[in-house]
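Single-letter residue listing:
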Amino acid sequence: MSSPPSVILFDLDGTLVDSVGDIHAAIGSVLAEDGRPAVTPEQVRGFVGDGAAMLVQRCYEAGGEAPPADALPRFRERYGADCTARTRPYEGIPELLDALHRSRPPVRMAVVTNKPGDFSRTIVSALGLDRWLPVVLGPDEVPAQKPDPSHLRAALTALGEEDADDVVMVGDGSTDLLAGQAAGARVAAVLWGYRSREQLSEAGSPDVFCETVGELAAYLGAG
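Note that this is a predicted model, so its numbers are computed, not measured.

Q: Would you take a moment to explain the sheet that holds strand β6 (residues 167–171) for this structure?
A: Note: strands within a sheet are paired through backbone hydrogen bonds, in either parallel or antiparallel orientation. With parallel pairing, six strands are arranged side by side in an open sheet as β5-β4-β1-β6-β7-β8. Strand pairing shows two members of the sheet lacking a second neighbour, β5 (135–137) and β8 (208–210), which therefore form its edges. Ignoring strand direction, the axes of neighbouring strands in this sheet form an average angle of 20°. Where strand β4 (residues 108–112) and β5 come together, three bridges link them in parallel fashion. Its bridge partner being in β5, V111 is matched across the sheet by V136.

Q: When you look at the state of the cysteines in this model, what are you seeing that I'm missing?
A: What we call a disulfide is simply a covalent bond connecting the sulfur atoms of a pair of cysteines. Enumeration over the complete set of coordinates arrives at zero disulfides. Free of any disulfide, C59 has its nearest neighbouring cysteine sulfur in C83, separated by 17 Å. On the basis of relative accessible area, C59 is assigned to the buried category, the value being 1%.

Q: How should I be thinking about the packing of helix α1 (residues 20–33) against helix α3 (residues 52–61) in this particular structure?
A: To describe two helices that pack against each other, one gives the angle between their axes and the distance between the axes. Contact pair α1 / α3: the axes reach a minimum separation of 11 Å and the direction vectors enclose 55°. On the basis of their axis angle, the class for α1 and α3 is oblique. Once α1 is placed against α3, the crossing between them reads as right-handed. Contacts between α1 and α3 pair I23, I27, V30 and L31 from the former with L55, V56, C59 and Y60 from the latter. The class makeup of the residues in the contact of α1 with α3 is eight nonpolar, no polar and no charged.

Q: What am I meant to see in the pairing of β6 here?
A: Regular strands show a simple pattern: their side chains alternate between the two faces of the sheet. Of all five residues in β6, five are buried; the element is thus mostly enclosed. Of the two faces of β6, the one holding V167, M169 and G171 and the one holding V168 and V170 are both buried throughout. Here β6 runs beside strand β7 (residues 186–190); their pairing, made up of four bridges, is parallel. From the neighbouring strand, M169 faces β7, where its bridge partner is V187.

Thresholds, definitions, all that
- Residues numbered from 1 in each chain as written.
- Predicted model: local features only at pLDDT ≥ 70, side-chain atom pairs only at ≥ 80, totals over all residues.
- Heavy atoms only, no water.
- Pairing = 2+ DSSP bridges.
- Helix = DSSP H or I, 4+ residues; strand = E, 2+ residues; numbered from the N terminus.
- Axes fitted to C-alpha atoms, helices over the stretch in contact; angles between N-to-C directions.
- Disulfide = S-S within 2.5 Å.
- Buried < 20%, exposed > 50% of the residue type's maximum accessible area, 1.4 Å probe, protein only.
- Parallel < 35°, antiparallel > 145°, perpendicular 65-115°, else oblique.
- Left-handed = near helix turned anticlockwise from the far one by under 90°.
- Contact = heavy atoms within 4.5 Å.
- Nonpolar A, V, L, I, M, F, W, Y, C, P; charged D, E, K, R; others polar.

Here's what the structure looks like:
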């Protein structure tokens, strides 16, 4: 791309930030309380991306049992109390967002994530990313979560960009790829996150694979 698109929608976990440490600590506490087998950070990395309920279910099923009914609210309570201790933006992400914001005209940007919205906004604010990302929408705030394209359309509406015809969805998961394509956006699939090129390719063909933040910046016209 020779110039930035008009709107860029970003996934959060595995795309803008690495949040596995805090997620692992919270679910590990809940599993230990129930006397269930622990999961490793690498297992959690593979379980992230389809929402908190699916994450909890996968962590319990990894030990051979279904989660009790109160496991999800307990996880949310623990995670919400300490969701920024270990979470950090990937190297180069703040600089990329700033470069896109400084482009003329500035690019409009939002976060479209399957993490609950309140947790997501807490993280974005604590890491200082909110100066560039005024809109953060979780699955609890939209008609249907990714891969449903209505999640992305809700973000465009919140940005006042319902009629934008030059939109890029940036993410590390199959839900991002599928939602972006269903919404008619271009898709930049990043490979520093929680899914491999092979896993993403099983879901479809993005417009570009980006190995590094620098490659993404070049694709978005900010390199």
